[in-house]
Amino acid sequence: MSTIHNDHHADSYYFASANPHPMRSKLEGDVNCDVCVIGAGITGTSAALHLAEQGYKVVVLEGHQVGWGASGRSGGQAIIGYNKGVRDLYSIVGREDTKKLWDMNIYSKQLLIDTVNKHNIKCDLKWGHLMMAIKPRQIRELAQTKEELESEIGYEGLQMLNQEEAFERVGSHKYIGALSDPQSGHLHPLNYTLGLADAAQSAGAVIYENSPVTHIQQGNEPIITTPSGTVRCKHVIMCANAYLDKLAPSVGKKIMPVGTFIVATEPLDDSLAKSLIRDDEGVVDINFVLNYWRLSADKRMLFGGRVSYSGIVPFDLKQTMGNSMRKIYPQLKDARIDYAWGGNVAITVNRLPHFGRIAKNIYFAHGFSGHGILLTGLAGKLMAEAVQGTAERFDVFTRIPHMSFPGGALMRKPALVLSMAYFKLRDLL
Ligand SMILES: Cc1cc2nc3c(=O)[nH]c(=O)nc-3n(C[C@H](O)[C@H](O)[C@H](O)COP(=O)(O)OP(=O)(O)OC[C@H]3O[C@@H](n4cnc5c(N)ncnc54)[C@H](O)[C@@H]3O)c2cc1C
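Heads up: these notes are all about the structure in this document. What you are looking at is a predicted structure, and each value in this text was computed from that prediction instead of being measured. The residue numbering used here restarts from 1 in each chain and proceeds along that chain's sequence as written. In keeping with the model being predicted, local features are shown solely for residues with a pLDDT of at least 70 and side-chain atom pairs are shown and tallied solely at 80 or more, while totals for entire chains, interfaces and linings include all residues. Excluding hydrogens and water, the side-chain figures rest on all heavy atoms present in the structure.

## Details of the sheet that holds strand 3 (residues 58-61)
Spelled out, the test is: In this scheme, strands are said to pair when DSSP sees at least two bridges between them. Strands are runs of DSSP state E lasting at least 2 residues, helices are runs of H or I lasting at least 4, and numbering of each runs from the N terminus. Helix axes are fitted to C-alpha atoms over the stretch in contact, other axes to C-alpha atoms as well, and angles between N-to-C directions run from 0 to 180 degrees. Contact criterion: two residues are considered in contact whenever any of their non-hydrogen atoms come within 4.5 Å of each other.
Spatial ordering of the open sheet is given by 10-3-2-14-21-20, a layout of 6 strands whose pairing is mixed. Edge positions in the sheet fall to strand 10 (206-208) and strand 20 (354-359), since each has one partner strand and no second. Averaged over all neighbouring strand pairs, the angle between strand axes comes to 20°, with direction disregarded. In this structure, strand 20 lies alongside strand 21 (residues 362-366), joined through 5 bridges in antiparallel fashion. Within strand 21, the position partnered with arginine 357 by the bridge is tyrosine 363. Docked against the sheet, helix 2 (residues 42-53) engages strand 2 (35-38), strand 3, strand 14 (235-238) and strand 21, running at close to 170° with respect to strand 3.

Structure (structure tokens):
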């Protein structure tokens with residue numbers, strides 16, 4: 001029986017194709033700074049970059065290595081939007097905040113582009129995205145999404161594809177239609193995170209790896225403890241995402257870590273790759289327990305899906321995930337699978353991100369619920385703004401109401417398993 005995580009990077013295609021990056025030392029002794037960032041995924045490295053660029057003295061404490069968490073393992077799909085429809089958002093946060101949330105969501109794409117360009121981050125960024133429908137109910141859902149986004153947000157470029165068009169774009173007979181969104185895209189998530197960390201370091205941030213935070217002492221000058229040193233600071237930014245539970249149980253109970261898995265095939269020849277995803281887009285189907293896939297820069301099929309609540313990897317992951325992939329693409333029956341790995345997505349009850357403060361100078365953002373590639377970069381920037389005294393945009397997110405998962409830590413998983421079982425059943429209808 002193996003688990004999703006060990007102390008090192010996942011044995012993934014991303015790690016095998018990571019850009020050269022330094023091993024960073026662990027914190028030893030006691031240091032002072034303006035801002036201590038906990039966790040070096042996209043959220044933490046983005047916050048560190050934006051603060052260091054403004055002249056703040058920033059220390060980042062990463063429990064493992066930069067990009068070890070979801071940021072270095074994900075499907076890499078940079079999808080604009082939220083896990084809730086626009087009109088659903090109206091009923092949760094009102095019209096005005098919905099508009100602001102959407103403005104920021106669209107800005108998060110520009111932020112990504114600007115950051116990648118400014119710091120010359122080589123992360124295979126591409127645009128184009130498809131949401132696939134298996135059944136008529138899902139076609140109606142996609143058409144409604146399109147109508148809402150166009151009429152309420154003024155979002156442009158969406159196009160419904162019929163069965164034939166969907167097949168031309170994604171050579172699988174499983175789908176009866178799709179929604180194309182040229183504004184969303186995909187990237188190599190580990191290289192993006194490593195690039196952000198390098199940029200933050202160049203701007204003056206100090207990043208310590210293998211330095212897990214074990215305690216936060218709150219106060220005007222919080223003291224952050226690791227096994228071999230402490231950081232005294234004026235502000236803390238918590239970016240531990242799915243791993244926050246022990247560090248801040250009061251906010252940790254708003255999120256639930258759920259395992260999801262990806263396989264990478266061997267590089268495919270160009271004509272086969274093109275027949276699978278003609279325009280090299282990111283692709284998801286819209287089942288509740290969704291499949292997501294895309295091609296890597298060297299033309300491997302990266303295929304993700306399944307869920308695990310226990311942190312235990314399904315027996316023979318390559319075989320299990322390979323079977324799911326071949327149900328969609330029988331053409332890949334002979335393709336060798338080179339890598340298989342998993343990671344934890346942090347989900348919230350309402351599947352919207354959870355931002356807030358646990359004290360006036362301790363901020364957090366987590367629970368991106370599978371929409372993290374764009375929202376994490378934004379979260380880091382907004383927490384940096386809040387530290388600088390302009391929390392207006394950050395506070396739009398803090399106003400999203402969140403429930404705790406019912407029953408506390410022990411009951412959270414069984415309760416979720418029950419609700420997921422229902423949705424899995426619904427996927428079949
Ligand atoms: C398999 C998988 C596929 C996904 N696919 C997509 C996708 O296609 N599109 C999308 O938008 N999103 C996707 N996601 C979600 C997305 O990856 C996340 O939302 C995003 O990466 C979260 O970034 P983060 O920086 O907040 O957290 P993380 O990247 O998880 O980083 C948290 C970091 O905090 C560190 N840490 C934790 N506790 C401590 C501590 N006590 N002390 C010090 N450090 C600590 C961890 O080691 C980790 O490096 C996927 C996630 C997974 C796992």
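Further notes follow.
## What about the site of the ligand?
To keep things clear, this is the line we draw: The criterion for a residue being near a molecule or strand is simple. One of its heavy atoms has to lie within 4 Å of it. Definition of a polar contact: a pair of N or O atoms within 3.5 Å, with one able to donate and the other able to accept a hydrogen when the atoms are protein atoms, and with sequence-neighbouring residues admitted only if both atoms are side-chain atoms. Using a 1.4 Å probe, accessible areas were evaluated by the Shrake-Rupley method; residue-level cover was limited to the displayed protein chains. Each residue is assigned to one of three groups, with Ala, Val, Leu, Ile, Met, Phe, Trp, Tyr, Cys and Pro labelled nonpolar, Asp, Glu, Lys and Arg labelled charged, and all others, Gly among them, labelled polar.
Taken together, 38 residues form the shell around the ligand, and within it Thr43, Glu62, Ser71, Val213 and Gly372 come nearest. Within the side chain of serine 71, a nitrogen or oxygen atom sits 2.5 Å from an oxygen atom of the ligand. Surface burial for the ligand is 96%, taken as the share of its 1000 Å² of free accessible area covered by protein chains. Secondary structure elements with two or more residues in the shell around the ligand: helix 2, strand 15 (255-265), strand 19 (337-348) and helix 10 (372-387). For the shell around the ligand, a count of residues per class yields 16 nonpolar, 20 polar and 2 charged.

## What to know about the pattern of salt bridges
Here is the rule: The salt bridge criterion pairs a side-chain nitrogen of Lys or Arg with a carboxyl oxygen of Asp or Glu, the two atoms within 4 Å. When a residue's accessible area, from a 1.4 Å probe over protein chains only, is under 20% of the maximum for its type it is buried; when over 50% it is exposed; and in between it is partly exposed.
Scanning the entire structure with this criterion turns up 25 salt bridges. The partner of lysine 99 in a salt bridge is aspartate 103, and the shortest N-O contact between them spans 3.1 Å. In this pair, lysine 99 and aspartate 103 both sit in helix 3 (residues 86-118), 4 residues apart, roughly one turn of the helix. Take lysine 99: its relative accessible area is 48%, and that puts it in the partly exposed class. Here lysine 126 ties to aspartate 280 by a salt bridge, and the two come within 2.7 Å at their closest N and O atoms. Pair noted here: lysine 126 is in strand 5 (residues 126-127) and aspartate 280 is in the loop between helix 8 (270-276) and strand 16 (282-285), with a separation of 154 residues, a long-range link. Here lysine 126 falls in the partly exposed class, since its relative accessible area comes to 36%. Given the relative accessible area of 14%, aspartate 280 is considered buried. Residues joined by salt bridges that share partners form a network here, namely Arg87, Arg95, Glu147, Glu148 and Glu152.

## Some remarks on the packing of aromatic side chains
Filter applied, for reference: Two rings belonging to Phe, Tyr or Trp (six-membered ring only in the last case) form a pair when the distance between their centres is within 6.5 Å. Interplanar angles under 30 degrees mark stacking, angles over 60 mark edge-to-face geometry, and anything in between is tilted. Throughout this description, the term charge over a ring refers to an Arg CZ or Lys NZ atom that lies within 6 Å of the ring centre and within 35 degrees of the ring normal.
A full pass over the atoms with the stated rule returns 12 aromatic pairs. When the ring of phenylalanine 355 is compared with that of phenylalanine 397, the centres are 4.3 Å apart and the planes differ by 15°; the resulting orientation is stacked. Of this pair, phenylalanine 355 sits in strand 20 while phenylalanine 397 sits in helix 11 (residues 392-398), and the two are 42 residues apart along the sequence. With relative accessibility at 0%, the residue phenylalanine 397 sits in the buried group. Here a set of aromatic residues connected by ring pairs shows up, and it is made of Phe355, Tyr363, Phe368, Phe394 and Phe397. Lying across the ring of tyrosine 90, arginine 95 places its NZ or CZ 4.3 Å from the centre. Positioned above the aromatic ring of tyrosine 107, the side-chain terminus of arginine 393 is 4.6 Å from the ring centre.

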